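# Structure assessment
As a plain string of letters, each chain reads:
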Amino acid sequence: MPESFIISILQKQPRAFRVNPVQFREAVEEVKEMGFNPSTMKFAKAVHAVRSMSKSTWERKLNVYKKWGWTEDEVSMAFRIQPWCMTVSEEKIMRVMDFLVNKMGMESSLIKKHSILFSLSLEKRLIPRGLVLQVLLSKGLVKKNFKMHAYFECPEKTFLQKFVMIHEDEASELLKLYKGSLDSSK
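Residues numbered from 1 in each chain as written. Predicted model: local features only at pLDDT ≥ 70, side-chain atom pairs only at ≥ 80, totals over all residues. Heavy atoms only, no water.

Let us now look at the overall build of the protein. Broken down by element type, the protein carries eleven helices and zero strands. Counting from the amino terminus, helix and strand elements in the protein follow one another as α-α-α-α-α-α-α-α-α-α-α. Projected onto the principal axes, the alpha-carbon positions of the protein cover approximately 60 × 35 × 30 Å. Across the 186 residues that make up the protein, the buried fraction comes to 40%. As presented, the protein carries roughly 10,600 Å² of accessible surface, and 53% of it is formed by carbon and sulfur atoms. Across the protein, 31 positive and 21 negative side-chain charges occur, with their mean positions spaced 3 Å apart. (Helix = DSSP H or I, 4+ residues; strand = E, 2+ residues; numbered from the N terminus. Buried < 20%, exposed > 50% of the residue type's maximum accessible area, 1.4 Å probe, protein only. Areas by Shrake-Rupley, 256 points an atom, 1.4 Å probe, with all protein chains shown as cover. Lys, Arg positive; Asp, Glu negative; His and termini not counted. Charge placed at Lys NZ, Arg CZ, Asp CG, Glu CD.)

Looking now at the packing of helix H4 (residues 55–67) against helix H5 (residues 72–81). Put simply, H4 and H5 touch, their axes get as near as 10 Å, and they point 110° apart. In terms of axis orientation, H4 runs roughly perpendicular to H5. For the pair H4 and H5, contact is made by Trp58, Leu62, Tyr65 and Lys66 and by Glu72, Val75 and Phe79, respectively. Classifying every residue of the contact of H4 with H5 gives five nonpolar, no polar and two charged. (Axes fitted to C-alpha atoms, helices over the stretch in contact; angles between N-to-C directions. Parallel < 35°, antiparallel > 145°, perpendicular 65-115°, else oblique. Contact = heavy atoms within 4.5 Å. Nonpolar A, V, L, I, M, F, W, Y, C, P; charged D, E, K, R; others polar.)

As a further point, take the side chain of Gln82. Along the chain, Gln82 turns up in the loop between H5 and helix H6 (90–103). For Gln82, a relative accessible area of 11% gives the class buried. Among all residues touching Gln82, those that are not within four sequence positions of it are Ser115 and Ile116.

Of all hydrophobic cores here, the largest spans 51 residues; its most connected members are Trp70, Phe79, Phe118, Phe152 and Phe159. The dominant element in this core, judged by the number of residues it contributes, is helix H8 (residues 122–138), at six residues. Residues within four places of Phe159 in sequence aside, it is in contact with Arg129, Val132, Tyr151, Cys154, Val164 and Tyr178. (Core = buried A, V, L, I, M, F, W, Y, C linked by side-chain atoms within 4.5 Å.)

The next subject is the packing of aromatic side chains. This model, assessed by the stated rule, comprises eleven aromatic pairs. An angle of 75° between the planes, with centres 6.3 Å apart, marks the rings of Phe99 and Phe152 as edge-to-face. In this pair, Phe99 sits in helix H6 while Phe152 sits in helix H9 (residues 148–153), placing the two residues 53 residues apart along the sequence. (Phe/Tyr/Trp six-rings, centres within 6.5 Å; stacked < 30°, edge-to-face > 60°.)

Our next topic: the environment of Ile166. By the secondary structure assignment, Ile166 is in the loop between helix H10 (156–164) and helix H11 (173–184). On the basis of relative accessible area, Ile166 is assigned to the exposed category, the value being 54%. Once residues lying within four places of it in the same chain are set aside, the contact partners of Ile166 are Leu160 and Gln161.

These results come straight from atomic positions and should not be treated as a statement about function.
Below is the structure:
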């Protein structure tokens, strides 16, 4: 693992290094076996994720994903894409899945390919953008088959430019709706 990654982890998560060396080595080996490249930052994040919870907590989170139709292999794939998807709480996994699948109509199978969505705030990003998206869809301003994950993942400035400001004339309430939803989440 490059020294710069170790320094980054040490700065952001110093507790990650306050572990039994044998357990740390086991976590490193486990992450290697999952197919992570030790020379990437994703490897470091995965080691931190594995080290941050007990095996029973890992299993409970795995079972939450399974409730949404994912297999163990699919959870592993999502973890390889975005290791933080296993560090969020079981409640957050349920809330994000419920929102994206039941309220926004996203396919559960698509979410596993974009597991970064679990690291985004429901109150400050997913729900406010979801409200705007529902208005855009109801007015026919976006097509139903567009890449919804990109809509939620894009940076704030891009989101405002591509989905709010561009439709200012057709849907002037969008900015007000979006800002109001953000303000109510504070």
